[in-house]
Every structure is written in structure tokens, then in C-alpha cells.
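What follows is each chain in one-letter form.
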Amino acid sequence: MTATGTGGTGERAASGERVASGDRAASGVRATSRKQAPSRERAPSGGRAASGEQATSRERAPSGGRAPSGEQASSGERVADWLDGRLGLHSLGRRYLRKVFPDHWSFLLGEICLYSFVVLVLTGVYLTLFFHPSMNEVVYHGSYVPLNGIRMSEAYASTLDISFDVRGGLLIRQIHHWAALVFLAAMLTHMMRHFFTGSFRKPREVNWVFGWTLLLLGMFEGLFGYSLPDDLLSGTGLRFVNGALLATPVVGTYLSFFLFGGEFPGHDIVARFYALHVLLIPGIMAALVVAHLILVVYHKHTQFAGPGRTERNVVGTPFMPVYLAKAGGFFFLVFGVLALIAAVATVNPVWAYGPYRADQVSTGAQPDWYLGFAEGLVRVMPGWEITLWGHTLVLGVLVPVLVFPLLLVAIGVYPFVEAWITGDRREHHLLDRPRNRPVRTALGAAWISLYLILLAGGGNDIVATRFHLSINTVTWTVRISLLVVPVVVFVVTRRFCLGLQLRDRDLVAHGRATGVVRRLPHGEYVEVHRPLGPGELHTLTEHERRRLGPGPSDDRDLQPADPQSAVGGARVTARQDETQP
């Protein structure tokens, strides 16, 4: 293909490749896959070459000189060319900045996770500048008068200073804590969206494991950060952790001494948690986030079925500039909402709890919501103990400690279990409607019900106090519900999904009822049904066509009432279409 016109700075050849403005060695000139006719030679005076003469490549002005058009390259262009010659940014940009992303509100859940993580990093860096991770005892003399003269650790004293003496410190603390809560809530909701729509299937199983690992690390990261202020509430949580370690057979005592650096509470736990909280775990999570996003780009984004959408393409808007502009605005929206919540809703007021003392326990102590189900396991478990070979096993703590990771592991390994049971080895890029996968949807709903029951069990004392009930009544209700409710939820959800499938098949076969009753010539009265449009018909029948494979279907229940409304009769024009590799 021939490049027309003079070789002005920043001009593009007809093939779409960018022409560098600076001088470049012959070996550094980037080759293209398109053929080019010889370009015109430049006259010595800088004027235009003869209209019929062409050279093999464009002439470039010497570094720092003028372009053939007589205009000097801007500094931005020179920097761009310098980077492109060494990093290949232009080729990467052309390939990836035009990536297509589909539009659906549920896809914003992943963005909320990412933006909350960014807010956590930014606010965490600020708090790190003023926090002292030490358990050395000091006597407090600060702005919070009720605690003046009280002996406390340096960690707790610095937390009070951040809250009352550092400019903006309390707001940043609040934003940091709320961002952590939203981050974990968004991650759990994001994973449930992937679960119910089946986007974890081949080839995205590894990315599912990455997301699951982020959720698991986020829980422990929240626990470590929650424990850093060394207040009475967080100290109660650490005593819970110490009890779980001690319940481990044979090595429980050694684990406790290793973690706390001696007898609980020791003098090293805050410094150790601080290193884990600000260095190790955030580094691992940042690496997993990058790997997660790379795999999203590599595998392409999943999309819901619809006209023009297949397993081999992606229909949506390009990353640059449409999606990038939306993402930038959404980031500031998330940041603004977090700041607003932090400004009006107090969370973790450590000054109200006081410093931690091993001989005290705060009333109504509850962990953050993402660890509430773990405490619920302990509270509803009977206080059983057995003795074997001279060792006492505290089953009331040991069993919950074993069940807690099993509930989380069940989420992590589910994609592999489903593929093994169903024998499905195909690649999937179109999402399922939850109603079309009744067993999977019922399992997810049962898991959520189990989680919520345990969360309520973790606050059985609060529930009993607020509703004026016996705590034994609440505890036994939770125990029974733990065994009965998930089974009931599974059965009801599955039947509900099957009912929705029947409703969809009826809509496809007969159309949508209009409420108009017509009398036929022989006297019969019938209700008039309006055939479905091509888009809605495609959405309702796509999963059946995928199951039956390519080719026409013989299932008459899937045929539309009006032959003119058959799937494929009309096609919705896609804004941009990107083919799968």
C-alpha cells in the first residue's frame, strides 16, 4: 500500500503505522506486514519532491532538526517516539487500547473491588506515616481527655493521636475501614455473580482461583488491620484467635507461642501483624490483581447472550476512550461514596473501647461481617470435649476451626468439581441465566443461606438482647436452622428455577399475553398473544440452541408463535465486535 503525501511529523502511513519524528538507524525502523510503494524523495531545500518520484521509505529529519513539513516535532512526540522505540508502546496500545468490553451493570462489581483496593492502598499509606506498631507501654496525655493518665500501648496511643490530633486523620481512618468492608463485600458479590452466571468455566478456572485467593487474603488482611490499634475490642478478637490455635491437637501450644512471641498477649503481635498488613499480604494481593486483570484481557470478557453475540466474539464498547472515561468517572464516584459514608457513619471508635487488658472483655464484642460466620460456628457448637491418649480435644472449638476453611475451599474448587461431574470440557464465553442452571443456582443459594445463619449465630447475644429473647432459644434456633434451612433453600430455589424455565418456554411457544380476548367464527373465545421480538426470543432460546449444538432444532416447544419472528430474522447491530482468538 502506498503512503501518500509528504512525510510530515506525526503523520500516519496508509497502513496505519505511526511515522517517528526523530532520526532512527536503519536497523531500528519498524517493519510492517503491508507492502509499501516507494515514497517520494525530498528536495534539498526542504520543498516537495517531484510528484512522480517515490523512494523506498520516508525521509526523517535529523534528531533535533525539522520535519519535512518544516515544523519541529513537539517534545511530547519525541518522548513518545523514544519510548516506542525501546518498549514498543505504540504496538501494544494499538492492540490493547481498542479491546472491547461488554456493557452490563453486574460487571461494575469487579470495578468496585478494584477501586476500593486502590482507596485502601492510598489511605493505608497515609496512616502508615503516623502509626507506631509497638506494644511498649506509655502513659497517655493527649486530646482525648477521658483517657488521660491511662497506661496503654504505643499502638493504641498513636491511633488516638491519628483520630484526634492528625489533620484529617479520623476521616482517613474511617475511609480506610469502610473501604475494607466494601472491598470484601464487593469481592464476595462479584464472585457470586461469576458463580451464578457460570463465567468460572473453561478457560477461566485459574482466574476464579485468583479471585478466591484474593477473597481469602482480604479476610485475613482485614483481621490483621483490625487488630493493630490494640484496643479492647480487637484484643478480644485476638483472644479468639489464640483459643483456636490452642485447640489444635498436639501443636496448639507451640503455634500460640510462635505467633504471639510467648504467653498471650505477648509483646510482638502488633509488630508482626503490622509487617503482614502493610507489606506481605498487600504485595501478594497487588500481584494477584495484576494477574487477574491480565487474564481478563487475555481470555476476553464474558457477555450475556443476545443478538449478534456468540462464543467467538465480544460485543460492546472499546476500552479507549469510551470504557476508560466511564471507568475514571466510576472510580471517583466510588471514592466519593466511601468518603461520604466515612464522614457520616462512625466505624470502630477505639476511644470508646479503651486499651486492651487481658483481664477484660468488652460487652457485645462482634467481628466485622466477613468473619462473623466464623464466630457463629464457635457459638452454636456445643462445648464438647474428649480425651484421647492423654490429650484433651476441645471439639467445641476444633470442629468450627476445621469447618471454617472447608466452607471457603468449597467455593474455590467448585469449577473443577462441576467440570468433573458434568464432563464439560468446552470453552464458554457466553454467560448463563441462573434459571437455566437450577442445580448450580440452588447450591449457591443454599451456601448463602448457610452463611447468613452463621452470621446471625455470631451475634446471638445481640439478637437475644434486641428482641428480648433467651440466648439459649436463639442458639438452638440457629443450630436447627443450620441443618434445615440450606436444604429447604436448595429445594425451593431449584423448583423456582424450573418454574421460570417453563414460563420462558411458554412465552417462546405462544408469545406474550395482551389481555385482548377475541371471539372466533365458531364461537370460541381465545386470548390474543403477541409474538416475542427477535432480541427477547434469542435471549430465551440461546441456551437450548447451545445445548442442542449447531444446526436447526427439532424441539417444537422452542419455535416462536409467529414464524416471521424466528431467531435470526432480525439482528441488532453491534457497536463493536471483537473476535475471540
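Anything mentioned here points back to the structure above.
These notes cover the structure that comes with them. (Residues numbered from 1 in each chain as written. Predicted model: local features only at pLDDT ≥ 70, side-chain atom pairs only at ≥ 80, totals over all residues. Heavy atoms only, no water.)

## Topic: the nonpolar core
Then step 1. In terms of nonpolar packing, the biggest core is built from 73 residues, with Met-219 and Phe-373 touching the most fellow members.
Then step 2. The leading source of residues in this core is helix H5 (residues 169-197), at 14 residues.
Then step 3. Counting residues in hydrophobic clusters, the runner-up holds 9 residues, among them Tyr-144, Leu-147, Tyr-156 and Trp-351. (Core = buried A, V, L, I, M, F, W, Y, C linked by side-chain atoms within 4.5 Å. Buried < 20%, exposed > 50% of the residue type's maximum accessible area, 1.4 Å probe, protein only. Helix = DSSP H or I, 4+ residues; strand = E, 2+ residues; numbered from the N terminus.)

## A closer look at the environment of Ser-256
Then step 1. Among the secondary structure elements, Ser-256 is positioned in helix H8 (residues 252-260).
Then step 2. Ser-256 sits 12 residues away from Ala-244 along the chain, and the two C-alpha atoms are 9.1 Å apart.

## What about the layout of surface pockets?
Then step 1. There is about 1200 Å³ of room inside the largest pocket.
Then step 2. Together, 44 residues line the largest pocket, and Gly-110, Glu-111, Leu-293, Val-296 and Tyr-323 are the ones closest to its centre.
Then step 3. Listed by contribution, the elements that provide at least two residues to the lining of the largest pocket are helix H3 (108-128), H5, helix H6 (205-227), helix H9 (269-299) and helix H10 (319-344).
Then step 4. Here the residues of the lining of the largest pocket sort into 26 nonpolar, 11 polar and 7 charged.
Then step 5. The space that makes up the second largest pocket amounts to roughly 850 Å³.
Then step 6. Looking at the second largest pocket, it is lined by 32 residues, and the ones nearest its centre are Leu-223, Gly-237, Phe-240, Val-241 and Ala-244.
Then step 7. For the lining of the second largest pocket, the secondary-structure elements that each account for two or more residues are H6, helix H7 (232-246), H8, helix H12 (369-380) and helix H13 (395-422).
Then step 8. When residues of the lining of the second largest pocket are assigned to their parent elements, the largest contribution, 8 residues, is made by H7. (1 Å grid on protein atoms, 1.4 Å probe; cavity = no way out; pocket = protein on both sides within 12 Å on 5 of 7 lines; lining within 4 Å. Points joined across faces, edges and corners; volume = space filled by probe spheres on them. Nonpolar A, V, L, I, M, F, W, Y, C, P; charged D, E, K, R; others polar.)

## With respect to the pattern of salt bridges
Then step 1. Taken as a whole, this structure holds 15 salt bridges when the rule is applied.
Then step 2. Asp-432 serves as the salt-bridge partner of Arg-201, at 3.2 Å between the closest nitrogen and oxygen. Taken as a pair, Arg-201 in the loop between H5 and H6 and Asp-432 in the loop between strand S9 (430-431) and helix H14 (438-458) lie far apart in primary sequence, 231 residues in all. The same class applies to Arg-201 as to Asp-432, namely buried. (Salt bridge = Lys/Arg side-chain N within 4 Å of Asp/Glu carboxyl O.)

## Let's talk about the environment of Val-270
Then step 1. Considering the arrangement of structural elements, one finds Val-270 in helix H9.
Then step 2. Note on Val-270: relative accessible area 2%, which makes it buried.
Then step 3. On a C-alpha basis, the gap between Val-270 and Pro-229 in space is 8.2 Å, while along the polypeptide they are 41 residues apart.
Then step 4. Those residues within four positions of Val-270 in sequence are excluded, and the remaining contacts are Phe-131, Pro-133, Ser-134, Met-135, Ala-155, Leu-228 and Asp-230. (Contact = heavy atoms within 4.5 Å.)

## Remarks on the packing of aromatic side chains
Then step 1. Applying the stated criterion across every chain yields a total of 27 aromatic pairs.
Then step 2. Positioned above the aromatic ring of Trp-476 is the side chain of Arg-479, whose terminal nitrogen or guanidinium carbon lies 4.7 Å from the ring centre. (Phe/Tyr/Trp six-rings, centres within 6.5 Å; stacked < 30°, edge-to-face > 60°. Lys NZ or Arg CZ within 6 Å of the ring centre and 35° of its normal.)

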